[in-house]
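# Structure at a glance
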Amino acid sequence: MAQDSYLVGLIGSGIGPSLSPALHEREADRQGLRYLYRLIDIDTLGVTPDAVGDLVRAARDLGFDGLNITHPCKQLVIEHLDALDPQAEALGAVNTVVFEDGRATGHNTDVTGFAASFARGLPDVPLERVVQLGAGGAGAAVAHATLTLGAGHVTVVDALPDRAADLAASLNGHFGAGRASAAAPDRLAALVGGADGLVHATPTGMAAHPGLPFAAGLLHPGLWVAEVVYRPLETELLRTARAVGCAALDGGGMAVFQAADAFRLFTGREPDSARMLVDIAELAGAGAFS
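This brings us to the sheet that holds strand E10 (residues 197-200). Reading across the sheet, the six strands line up as E9-E8-E7-E10-E11-E12 and stay open at both edges, with parallel pairing between neighbours. Taken across any chain shown, the strands that pair with only one partner, and hence form the sheet edges, are strand E9 (180-183) and strand E12 (247-249). The sheet shows a mean angle of 20° between the axes of neighbouring strands, direction not considered. Here strand E11 (residues 224-227) runs beside E12; their pairing, made up of three bridges, is parallel.

Structure representation (structure tokens):
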């Protein structure tokens, strides 16, 4: 008999506002499943990120079916897992853990989530020269996704030069020499001026970090802009980009498609991503999906 009851959770820091519980539970309700999604916030627990291994073991022992993992534990969790799928291994980061037969297997649905959202929202844009701002956990995932989608070259810009260089080196190791490079923020204006598109993967624009990540004057009508932030759905960057005439993609699609992929991994059932896109438009407030 097919399983119809699931217990899953999210481990991370400051995750109280996460929309993951609602996204997963709404879809489960529509599929007639009993599905409980719990937040396991290390700040609330008063533990350090290094405790992720203990939390994963406890969840497995308590009968959880799986976990999502977010900042700052996506890399730290790896050494506590029994296996990694190829995507998570290539990325060096895990955002989904599935428990099966006593084993914990790590996956990364951020990469597939961004790729699916991009293919849906910006299907025909040029990809020869892409600039990405941000080389953190989300940045690594979306850079992998952008190159998987066929980008010719990605230039990674980050306030931490070593982090940008490390990501570019990792991308070249995976996709082939010359597919990625790193650059300092003071080169951003020149790079954006000659780019086909810009991927924004820093926290700037979130409700807690309002504003633009760079001067509005850098945007030009020939540029497409893809955002990772999804709360709010329309960041100041997207609003400004659209006013300039740029094709633009909000972060809601990535949030939905990564959640849909995780739901599939947890349950073996096919989620309805179209319904989940409507959900996130309601949950995140302003904005709707066509």
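From this point, the narrative continues.
Grouped together as the largest cluster of nonpolar side chains are 32 residues, with contacts concentrated most on Phe-114, Phe-118, Trp-224 and Ala-226. The set of elements that each furnish at least two residues to this core consists of helix H5 (109-121), helix H6 (137-148), strand E8 (153-157), helix H7 (161-175) and E11. Sequence-distant contacts of Ala-226, defined by excluding residues within four places in its chain, comprise Phe-114, Phe-118, Leu-122, Leu-198, Val-199, His-200 and Leu-249.

Before going further, it helps to spend a moment on the pairing of strand E7 (residues 129-133). Taken across its five residues, E7 has four buried, putting it largely inside the fold. Across five bridges, E7 lies against E8 in parallel orientation. Paired with Leu-133 across the bridge in E8 is Val-157. The sheet contact formed by E7 and E10 spans four bridges and is parallel. What sits directly across from Leu-133, in E10, is His-200.

We now examine the side chain of Ser-20. For Ser-20, the position within the fold is in helix H1 (residues 20-30). Beyond its immediate chain neighbours, meaning those up to four positions away, Ser-20 contacts Tyr-37 and Gln-258.

Okay, H1 next. Here H1 has its buried residues at Ser-20, Pro-21, Leu-23, His-24, Glu-27 and Ala-28. Where the residues of H1 are buried, they touch strand E2 (34-41), strand E3 (66-69), helix H10 (252-267) and helix H11 (273-283). The positive-phi residue at the C-terminal boundary of H1 is Gly-32, with phi of around 75°.

Here we come to the pairing of E8. On any regular strand, side chains alternate: one points to one face of the sheet, the next to the other face. Across the five residues that make up E8, a large majority, four, are buried. Crossover connection from E7 via H6 to parallel E8: handedness right-handed. Both E8 and E9 contribute to a ladder of four bridges, which runs parallel. By the bridge assignment for E9, Val-156 is matched with Ala-182. Note on the crossover from E8 through H7 to E9: the handedness is right-handed.

This part takes up the packing of H6 against H7. With their axes 11 Å apart at the nearest point, H6 and H7 run at an angle of 35° to one another. The chirality of how H6 crosses H7 is right-handed. Across the interface between the two elements, Gly-139, Ala-140, Ala-143, His-144, Leu-147 and Thr-148 of H6 pack against Leu-167, Ser-170, Leu-171, His-174 and Phe-175 of H7. Class assignment for the residues of the contact of H6 with H7 results in six nonpolar, five polar and no charged.

Rules and cut-offs
- Residues numbered from 1 in each chain as written.
- Predicted model: local features only at pLDDT ≥ 70, side-chain atom pairs only at ≥ 80, totals over all residues.
- Heavy atoms only, no water.
- Pairing = 2+ DSSP bridges.
- Helix = DSSP H or I, 4+ residues; strand = E, 2+ residues; numbered from the N terminus.
- Axes fitted to C-alpha atoms, helices over the stretch in contact; angles between N-to-C directions.
- Core = buried A, V, L, I, M, F, W, Y, C linked by side-chain atoms within 4.5 Å.
- Buried < 20%, exposed > 50% of the residue type's maximum accessible area, 1.4 Å probe, protein only.
- Contact = heavy atoms within 4.5 Å.
- Right-handed = clockwise from strand over helix to strand, strands pointing away.
- Left-handed = near helix turned anticlockwise from the far one by under 90°.
- Nonpolar A, V, L, I, M, F, W, Y, C, P; charged D, E, K, R; others polar.

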